[in-house]
Amino acid sequence: MKKPVGDQELVVLRWVAEHGPATVGEVAEKFGEPQGLARSTILTVMERLRVKGHLTRRKVEGVYQYSSSVPLAELLRGVVGDFVQKSLAGSLSPFATWLSQADEVSDEELRQLEEAVARLKSKKEGEE
């Protein structure tokens, strides 16, 4: 089991999962600089993520390229699962309440929610 990630680690990991493989320099320039993060900070965070098993690296032409060890969708599913378990004591009710009161939901997000509800209903019916 991989070790949990902190908030700063998560944003770097998500960026690499979306844009990787990437070098520390690329992440520092394209992600870190706009966030006010120094290259040394990005390097430290990426190495912590590698040690924890969330990033892999390989040498390409003398420079390490880092990649997420899981696809972005799987990464986000795990983050949300951890949040529900730790912060909401495993209950989706507070999240569903928050979601129902969200001011801005795009058509695409609404479609995804409808598909998720349909999958849940289908599972539930299969259990009965």
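On a predicted model such as this, the values are computed, not experimentally measured, just so you know. (Residues numbered from 1 in each chain as written. Predicted model: local features only at pLDDT ≥ 70, side-chain atom pairs only at ≥ 80, totals over all residues. Heavy atoms only, no water.)

**So, the packing of helix H1 (residues 7-19) against helix H3 (residues 39-51)**
Formally: Comment: axis = line fitted to C-alpha atoms, over the contacting stretch for helices; angle = value between 0 and 180 degrees taken between N-to-C directions. By the criteria applied, helices consist of DSSP H or I runs no shorter than four residues and strands consist of E runs no shorter than two, each listed in order from the N terminus. In this scheme, roughly parallel covers angles under 35 degrees and roughly antiparallel covers those over 145, while 65 to 115 is roughly perpendicular and the rest are oblique. Contacts: residue pairs with any heavy atoms within 4.5 Å of one another. Asp, Glu, Lys and Arg are counted as charged, while Ala, Val, Leu, Ile, Met, Phe, Trp, Tyr, Cys and Pro are counted as nonpolar; the rest, among them Gly, fall into the polar class.
Interaxial distance between H1 and H3 falls to 10 Å at its minimum, and their mutual angle equals 85°. If you check the angle between H1 and H3, you find them roughly perpendicular. In this structure, H1 uses Gln8, Glu9, Val12, Leu13 and Val16 to contact H3, whose residues at the interface are Thr41, Ile42, Val45, Met46, Arg48 and Leu49. Counted by class, the contact of H1 with H3 contains seven nonpolar, two polar and two charged residues.

**Observations regarding the pairing of strand S1 (residues 55-60)**
Regular strands have side chains that alternate between both faces of the sheet. To keep things clear, this is the line we draw: Any two strands with at least two DSSP-identified bridges between them are counted as paired.
Pairing of S1 with strand S2 (residues 63-68) involves six bridges; the strand directions are antiparallel. Along S2, the bridge assignment pairs Val60 with Val63. Once S1 ends, the chain turns through two residues before running back antiparallel as S2, passing Glu61 with a positive phi of about 50°.

**As for the nonpolar core**
Quick note on the threshold: Among buried residues, those of type Ala, Val, Leu, Ile, Met, Phe, Trp, Tyr and Cys that are joined through side-chain atoms within 4.5 Å constitute a nonpolar core. Three exposure classes are used, based on accessible area relative to the maximum for each residue type with a 1.4 Å probe and protein chains only: buried under 20%, partly exposed in between, and exposed over 50%.
Of all hydrophobic cores here, the largest spans 18 residues; its most connected members are Val12, Val16, Val27, Phe31, Ile42, Met46 and Leu55. Put simply, the parts of the chain that give this core at least two residues each are H1, helix H2 (24-35) and H3. Ignoring sequence-local partners within four residues, the contact set of Val12 consists of Val27, Phe31, Ile42, Val45, Met46 and Leu49.

**Some remarks on the environment of Val16**
Note that Val16 resides in helix H1. The sequence separation of Val16 and Arg77 amounts to 61 residues, and the corresponding C-alpha distance is 16 Å. When sequence neighbours within four positions are dropped, the list of residues in contact with Val16 reads Val27, Met46, Leu55, Tyr66, Ser67 and Ser68.

**As for H1**
What counts, and what does not: In a helix, the anticipated span is given by 1.5 Å times the number of residues less one. Think of it as the arc spanned by the lines of direction from the helix axis to the C-beta atoms.
Helix length check: H1, at 13 residues, gives a terminal C-alpha distance of 19 Å against a target of 18 Å (1.5 Å per residue), a fit within 8%. What H1 keeps buried is the set Glu9, Val12, Leu13, Trp15 and Val16. The arc enclosing the buried residues of H1, seen along the axis, measures out at 160°, which places them on a common side. Elements that come into contact with the buried residues of H1 comprise H2, H3, S1, S2 and helix H4 (72-87).

**Here's the deal with the layout of surface pockets**
Rules: Cavities and pockets are found on a 1 Å grid laid over the protein atoms alone: a cavity is a set of points where a 1.4 Å probe fits but cannot escape, a pocket is an open set with protein on both sides within 12 Å along at least five of seven lines, and a lining residue has an atom within 4 Å of such a point. Grid points are joined across faces, edges and corners, and a volume is the space filled by probe spheres set on the points.
Taken as a whole, the largest pocket spans an internal volume of roughly 1,800 Å³. Lining of the largest pocket is provided by 47 residues; of these, Leu76, Arg77, Val79, Val80 and Gly81 occupy positions nearest its centre. Taken together, the elements giving at least two residues each to the lining of the largest pocket come down to H1, H4, helix H5 (93-100) and helix H6 (107-127). Grouping the amino acids of the lining of the largest pocket by side-chain chemistry returns 27 nonpolar, eight polar and twelve charged.

**With respect to the pattern of salt bridges**
We count it as follows: The salt bridge definition used is simple: a Lys or Arg side-chain nitrogen within 4 Å of an Asp or Glu carboxyl oxygen.
Per the counting criterion, the structure on display carries seven salt bridges. Here Glu18 ties to Arg14 by a salt bridge, and the two come within 3.2 Å at their closest N and O atoms. Within this pair, Glu18 and its partner Arg14 are both found in helix H1, separated by four residues, close to a single helical turn. For Glu108, the salt bridge is made with Arg111, and the minimal N-O distance between the two is 2.4 Å. Of this pair, Glu108 and Arg111 both sit in helix H6, three residues apart, which is roughly one turn of the helix. Note on Arg111: relative accessible area 35%, which makes it partly exposed. Overlapping salt bridges, with partners in common, bring together Glu9, Arg48 and Lys52 in one network.

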